[in-house]
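# Per-entry structural report
The primary structure of each chain is shown beneath.
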Amino acid sequence: MTVMPRPSILSVEPYVGGESKVPGVNRIIKLSSNEGAFGPPPSAIEAIAANAREAHRYPDGGATALREAIGARFGLDPARIVCGNGSDELLAMLILAYGGEGTELVMSAHGFMMYEITGRWAGCQVIKVPEKNLTADVDGLLAAVGPRTRLMFLANPNNPTGSILPQSEVERLRRELRQDVLLVLDSAYAEYVTRPDYDPGQKLVDATPNTVMTRTFSKIFGLGGMRLGWAYAPAPIVDILGRVRGPFNVNAAAMAAGIAALAEPGWIEKSIAHNTEWRGKVAAAMEAAGFKVWPSEGNFLLVDFGDGTRAKAADAHLRARGLIVRAMGGYGLPQCLRVTIGAAEECQMVIDALTDFSRNG
Ligand code: PMP
């Protein structure tokens, strides 16, 4: 007889990502996971290599040095930081601690898909709220809250749409949201944002007892493969996360790489400048080619080809040239492809391929 898992597990489709091969194509350009355009910072590569000599040692389970480095870089109290094996792990820890069977989790219809996947396997009822113009709708999110709601997730900027809520709207959301609902501000793309009024969540975490901010080293810091994220939370929530956290959840090489990346001179500035320039160039070229591009504050663009068939054809056209982007069918946006802003040459290849597609595809 087959051993059965909890029924909610069967409602989850396995996450598919990180694809890096196209049969018959030798040179692959991977622009499907919003990884940093420049690869890992050189000092992080050295730190990872140096760390190999200590691979027989368990890492510091409290991630003390890393938390201190994050605290110093962002002006935060290290005691209020929790590190995770990617921010995905922190999202899961929050859901395990505050959600589960009998609770509801509220998110935007096209919010980051791990909220739904993790929420479901944890047994939460996941409520997806329609957006306005692919941007989170604060009134809709508030209206969706019911007596069983315990968690609300907002990625700002959001992946895959690239949309952002003005600071005043994020503050209104927290103000009008019931106090016993934990608001998780997922700021994975915070560093790329150029809006002057933007706060990644630090202010709200400091001002309220029920807001958490999550961040990652996977995007601008170029360390997706190391799996490193962190959360900033009020002290009682840090205490709770400490109870659900695995003993050595972040590995030693990742911690060393993170500390090095934070100290890499000019890295963030250089990355923002590149991203802003090439995001603009790719968007302009897509529009000139006749495709709709959603405004983005992240290191990616959501390109709308009008219908699923045309998006599939565009995807095939890109793949034949070794360019892997992200199809959006799994997000309920089959007419779109999400394109990461890679290195200059890679962006130019996308521009050339899709311009060619618009003429001949
Ligand atoms: N949140 C958002 C909005 C993301 O786009 C991603 C990565 N795709 C994550 C969280 C997870 O990042 P990681 O686990 O690599 O830190």
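These numbers come from a predicted model, not from an experiment.

## Description of the packing of helix α11 (residues 308-320) against helix α12 (residues 344-360)
As a packed pair, α11 and α12 sit with axes 10 Å apart at the nearest point and diverge in direction by 130°. By the angle between their axes, α11 is oblique relative to α12. When the axes of α11 and α12 are compared, the crossing they make is right-handed. Residue-level inspection shows Ala314, His317 and Leu318 of α11 in contact with α12, the latter providing Ala353, Leu354 and Phe357.

## Considerations on the site of the ligand
In the vicinity of the ligand lie 13 residues, with Gly86, Asp88, Asn159, Thr216 and Ser218 positioned nearest. Residue composition of the shell around the ligand, by class: three nonpolar, eight polar and two charged.

## Some words on the nonpolar core
Residues Leu94, Val184 and Ala257 are the most contacted members of the largest nonpolar core, which totals 73 residues. Sort the elements by how many residues they give to this core and helix α9 (residues 252-263) lands first, with eight residues. Core analysis: the second largest hydrophobic core is formed by 31 residues, Ile29, Val282, Met328 and Cys336 among them.

## Structural notes on the pairing of strand β2 (residues 81-84)
Side chains of β2 alternate between two faces, with Ile81 and Cys83 and Val82 and Gly84 buried alike. One ladder, built from four bridges, connects β2 with strand β8 (residues 229-232); its direction is antiparallel. When the bridges of β8 are listed, Ile81 appears paired with Tyr232.

## Quick look at the UniProt feature "modified residue: N6-(pyridoxal phosphate)lysine" (unreviewed entry) in the protein
The UniProt entry lists Lys219 under the feature "modified residue: N6-(pyridoxal phosphate)lysine" (unreviewed entry), expressed in the numbering used here. Relative to the elements of secondary structure, Lys219 occurs in the loop between β7 (211-216) and β8. Exposure remark for Lys219: the 27 C-beta atoms within 10 Å place this residue in the buried category. Setting aside its immediate chain neighbours within four residues, Lys219 contacts Asn34, Gly36, Ala188, Tyr189 and Asn299.

## Focus on the pairing of strand β5 (residues 149-155)
For β5, the buried fraction is high: seven of the seven residues fall into the buried class. Sheet topology note: the strand β3 (residues 104-108)/β5 ladder contains four bridges and is parallel. Counted as the bridge partner of Met107 is Phe153 from β5. For β5 and strand β6 (residues 182-186), the ladder comprises five bridges, and the chain directions are parallel. Residue pairing in the sheet places Ala155 in a bridge with Asp186 of β6. This β-α-β element, β5 to helix α6 (residues 167-176) to β6, shows right-handed connectivity.

## Comments concerning α9
If you check α9, its first and last C-alpha atoms are 17 Å apart, about what 12 residues at 1.5 Å a residue would give, namely 16 Å. Burial analysis of α9 places nine of its 12 residues in the buried class, which makes it a mostly covered element. Here α9 has its buried residues at Ala253, Ala254, Met255, Ala256, Ala257, Gly258, Ala260, Ala261 and Leu262.

## Quick notes on the UniProt feature "domain: Aminotransferase class I/classII large" (unreviewed entry) in the protein
Here the UniProt-annotated "domain: Aminotransferase class I/classII large" (unreviewed entry) positions come out as residues 28-354. Annotated as residues 28-354, this span is 40% helix and 17% strand, and its ends, taken at the C-alpha atoms, are 16 Å apart.

## Points about the sheet that holds strand β12 (residues 326-327)
Paired through their backbone hydrogen bonds, the strands of a sheet run either parallel or antiparallel. With antiparallel pairing, four strands are arranged side by side in an open sheet as β9-β10-β13-β12. Looking along the sheet, the strands with just one partner apiece sit at the ends: β9 (292-293) and β12. Bridge analysis of β12 against strand β13 (residues 336-340) gives two bridges, and the strand direction is antiparallel. For Ala327, the partnering residue across the bridge sits in β13 and is Leu337. Most of the contacts of helix α10 (residues 267-288) go to strand β10 (residues 300-304), to which it runs at about 5°, and overall it touches β9, β10 and β13.

## Quick look at α12
Each full turn of the α-helix corresponds to 3.6 residues, which orients residues three or four apart in the same direction. Between its first and last C-alpha atoms α12 spans 24 Å; for 17 residues at 1.5 Å apiece the expected length is 24 Å, and the two agree. Those residues of α12 lying buried are Cys347, Val350, Ala353, Leu354 and Phe357. The buried side chains of α12 occupy one side of the element, clustering within an arc of 130° when seen end-on. Among the exposed residues of α12, those oriented more than 90 degrees off its buried face are Glu345, Arg359 and Asn360.

## A closer look at the domain arrangement of the protein
Domain annotation of the protein identifies domain 1 (19-39 + 267-360) and domain 2 (42-263). Of all the elements in the fold, those that place two or more residues in the side of domain 1 that touches domain 2 are α10 and β10. Per element, the largest residue contribution to the side of domain 1 that touches domain 2 is six residues, and it comes from α10. When its residues are assigned to classes, the side of domain 1 that touches domain 2 shows 12 nonpolar, 12 polar and three charged.

How each quantity is defined
Every chain is numbered independently, its residues counted from 1 as its sequence is written. With the structure being a predicted model, the display of local features is reserved for residues of pLDDT at least 70 and the display and counting of side-chain atom pairs for 80 or more, all residues being used for whole-chain, interface and lining totals. In this analysis an axis means a line fitted to C-alpha atoms, helices contributing only their contacting stretch, and an angle means the value between N-to-C directions, from 0 to 180 degrees. The helix and strand labels rest on DSSP assignments: H or I over at least four residues marks a helix, E over at least two residues marks a strand, and numbering proceeds from the N terminus. Any angle that is under 35 degrees is reported as roughly parallel, and any over 145 degrees as roughly antiparallel; angles of 65 to 115 degrees are reported as roughly perpendicular and all others as oblique. Handedness of a crossing is defined here by the sense of rotation of the near helix relative to the far one, left-handed for an anticlockwise turn of less than a right angle and right-handed for a clockwise turn. By definition, residues are in contact whenever their C-beta atoms, placed on the basis of the backbone, come within 7 Å of each other. Any residue qualifies as near a molecule or strand once its backbone-derived C-beta atom lies within 6 Å of it. For this classification, Asp, Glu, Lys and Arg are treated as charged, while Ala, Val, Leu, Ile, Met, Phe, Trp, Tyr, Cys and Pro are nonpolar and the rest, including Gly, are polar. Core membership is restricted to buried Ala, Val, Leu, Ile, Met, Phe, Trp, Tyr and Cys residues, and these are joined into a nonpolar core through C-beta atoms within 7 Å. Whether a residue is buried, exposed or partly exposed follows from its count of other C-beta atoms within 10 Å of its own C-beta, namely 20 or more, 12 or fewer, or something in between, respectively; the C-beta atoms are built from the backbone. Note on pairing: two strands pair once DSSP finds at least 2 bridges between them. UniProt positions are given in the numbering used here, feature names are shortened, and annotations may be inferred rather than shown by experiment. Orienting the strands away from the viewer, one traces the path from the first strand over the helix to the second; a clockwise path indicates a right-handed crossover. For a helix, the expected span equals 1.5 Å multiplied by the residue count minus one. Directions from the helix axis toward the C-beta atoms define the arc. Each domain's extent is set by a domain assignment, obtained either automatically or from a database.

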